Amino acid sequence: MLFALMAFDKEGALDVRMENRPAHLEYLDSTGVVKQAGPFLDGEGNPCGSLIVLDVADMEAAQSWADNDPYAKAGLFRDVQIKAWKQVIGA
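Thresholds, definitions, all that
- Residues numbered from 1 in each chain as written.
- Predicted model: local features only at pLDDT ≥ 70, side-chain atom pairs only at ≥ 80, totals over all residues.
- Heavy atoms only, no water.
- Helix = DSSP H or I, 4+ residues; strand = E, 2+ residues; numbered from the N terminus.
- Rg over C-alpha atoms; globule rule 2.2 N^0.38 Å.
- Buried < 20%, exposed > 50% of the residue type's maximum accessible area, 1.4 Å probe, protein only.
- Contact = heavy atoms within 4.5 Å.
- Lys, Arg positive; Asp, Glu negative; His and termini not counted.
- Charge placed at Lys NZ, Arg CZ, Asp CG, Glu CD.
- Pairing = 2+ DSSP bridges.
- Salt bridge = Lys/Arg side-chain N within 4 Å of Asp/Glu carboxyl O.
- Arc of directions from axis to C-beta.
- Polar contact = N/O pair within 3.5 Å; in protein donor to acceptor, adjacent residues only side chain to side chain.

Considering the overall build of the chain
Moving on, step 1. In terms of helices and strands, the chain carries 3 helices and 4 strands.
Moving on, step 2. In the chain, the succession of α and β elements from N to C terminus is β-α-β-β-α-α-β.
Moving on, step 3. Its C-alpha atoms give the chain a radius of gyration of 13 Å, within 12% of the compact-globule value 12 Å for 91 residues.
Moving on, step 4. Its C-alpha atoms give the chain principal-axis dimensions of roughly 35 × 25 × 20 Å.
Moving on, step 5. Counting every position in the chain, which comprises 91 residues, the buried fraction comes to 32%.
Moving on, step 6. Sequence-distant contacts in the chain: of pairs separated by 6 or more residues, those separated by 24 or more amount to 68%.
Moving on, step 7. The averaged location of the 14 negative side-chain charges in the chain is 5 Å from the averaged location of its 8 positive side-chain charges.

Things to note about the pairing of strand β3 (residues 47-55)
Moving on, step 1. Alignment of strand β1 (residues 2-9) against β3, held across 7 bridges, turns out to be antiparallel. Along β3, the bridge assignment pairs L5 with I52.
Moving on, step 2. As paired strands, strand β2 (residues 34-41) and β3 are joined by 7 bridges and run antiparallel to one another. Looking across to β3, one finds that G38 is bridged to L51.
Moving on, step 3. Between β2 and the antiparallel strand that follows it, β3, lie 5 residues; G45 among them carries a positive phi value of about 85°.

Here's the deal with the environment of L28
Moving on, step 1. Secondary-structure assignment places L28 in helix α1 (residues 14-31).
Moving on, step 2. A C-alpha to C-alpha distance of 23 Å links L28 and I89, two positions 61 residues apart in sequence.
Moving on, step 3. Not counting the four nearest positions on each side in its chain, L28 is found in contact with V34, A37 and W65.

Digging into the pattern of salt bridges
Moving on, step 1. Summed over all chains, the structure comprises 1 salt bridge.
Moving on, step 2. A salt bridge links D9 to R17; the shortest N-O distance between them is 2.8 Å. The exposure classification of D9 matches that of R17, with both residues buried.

Some thoughts on helix α2 (residues 59-68)
Moving on, step 1. For α2, the full list of buried residues reads A62, W65 and A66. All buried residues of α2 lie within an arc of 95° about the axis, which places them on one face of the element.
Moving on, step 2. Where α2 is buried, its residues contact β1, α1, β2, β3, α3 (70-73) and β4 (77-84).
Moving on, step 3. Its side-chain oxygen 3.3 Å from the backbone nitrogen of E60, D58 forms the N-cap of α2.

What about the side chain of R17?
Moving on, step 1. Mapped onto the elements, R17 comes out in helix α1.
Moving on, step 2. There is a polar contact of 2.8 Å between the side chain of R17 and the side chain of D9.
Moving on, step 3. Other than its neighbours up to four places away in sequence, R17 contacts D9, P39, P47, C48, G49, S50, Y71, L76 and F77.

What follows is the structure, given as structure tokens:
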């Protein structure tokens with residue numbers, strides 16, 4: 001089942017994001033459940049959040065994945081939302 005994870009960075013946390021980016025990218029690659037991923041951008045073109053599409057069994061698995069993301073463990077996010085998602089275009 002697909003889930004869209006939308007995470008929004010805390011204000012002024014770009015350094016936290018950049019310091020943890022290598023571990024975050026390794027996590028995305030190593031788990032084998034990420035179908036699409038990329039950052040939200042602020043008005044200056046800097047990353048300020050994340051959109052990640054996960055293919056996991058259920059909401060519990062999506063939440064567990066989110067909790068173990070190095071960005072989450074570093075305290076980067078001010079808000080995280082996870083929603084079941086249905087792909088219609090690009091399938």
